[in-house]
Amino acid sequence: MTATTRSNARLANNELDPHRKKLLFRSWHRGMKEMDLILGNFAEREIASLTADEIHQYEKLLEISDTVLMPWLTGGEPVPGDIGLPILHKILASRETLEF
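Worth saying up front: this structure is predicted, and the values here are computed from it rather than measured.

## Here's the deal with helix α2 (residues 18-28)
- Burial in α2 covers these residues: Arg-20, Leu-23, Leu-24, Ser-27 and Trp-28. Each buried residue of α2 lies within a common arc of 135° when the element is viewed along its axis, so the set occupies one face. Opposite the buried face of α2, by more than 90 degrees, sit the exposed residues Pro-18, Lys-22 and Phe-25.

See the structure below:
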């Protein structure tokens, strides 16, 4: 993301409800910089348009530790078939277009 894009995104984020703002914050503050970039950029672009069900899934996803989640998001390990979080597949689909 460019500085201008980030500034515009921050202005738009001021219109988010408190719950979505909290999820956006948690996405940028995972503890592992690589995960901050992947989830933070995804949330920056998508959090405002996620459905209530996707928000619920995203909350569950944020509870997964970085050491487990990182290999799934980077393709190092396949996503387990029983994970039951379609939002994860949405993140995977968008990972090609994320700007670092």
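Having seen the model, we can carry on.
## Structural notes on the nonpolar core
- One finds Leu-39, Tyr-58, Leu-61, Leu-69, Leu-73 and Leu-88 to be the most contacted residues of the largest nonpolar core, which totals 26 residues.
- Those elements that provide at least two residues to this core are α2, α3 (33-46), α4 (52-62), α5 (66-74) and α6 (86-94).
- Ranked by residues supplied to this core, first place goes to α3 with five residues.
- Look past the residues within four positions of Leu-73 in its chain and what remains in contact with it is Met-35, Ile-38, Leu-39, Leu-88, Ile-91, Leu-92 and Arg-95.

## A word on the pattern of salt bridges
- This model, assessed by the stated rule, comprises four salt bridges.
- Here Arg-30 and Asp-66 are joined by a salt bridge, their closest N and O atoms 2.6 Å apart. Residue Arg-30 is located in the loop between α2 and α3, and its partner Asp-66 is located in helix α5; the two are separated by 36 residues in the primary sequence.
- Residue Lys-90 is joined to Glu-54 by a salt bridge in which the shortest nitrogen-to-oxygen separation is 3.2 Å. With Lys-90 in helix α6 and Glu-54 in helix α4, this pair connects stretches of sequence that are 36 residues apart.

About the criteria used
- Residues numbered from 1 in each chain as written.
- Predicted model: local features only at pLDDT ≥ 70, side-chain atom pairs only at ≥ 80, totals over all residues.
- Heavy atoms only, no water.
- Buried < 20%, exposed > 50% of the residue type's maximum accessible area, 1.4 Å probe, protein only.
- Helix = DSSP H or I, 4+ residues; strand = E, 2+ residues; numbered from the N terminus.
- Arc of directions from axis to C-beta.
- Core = buried A, V, L, I, M, F, W, Y, C linked by side-chain atoms within 4.5 Å.
- Contact = heavy atoms within 4.5 Å.
- Salt bridge = Lys/Arg side-chain N within 4 Å of Asp/Glu carboxyl O.

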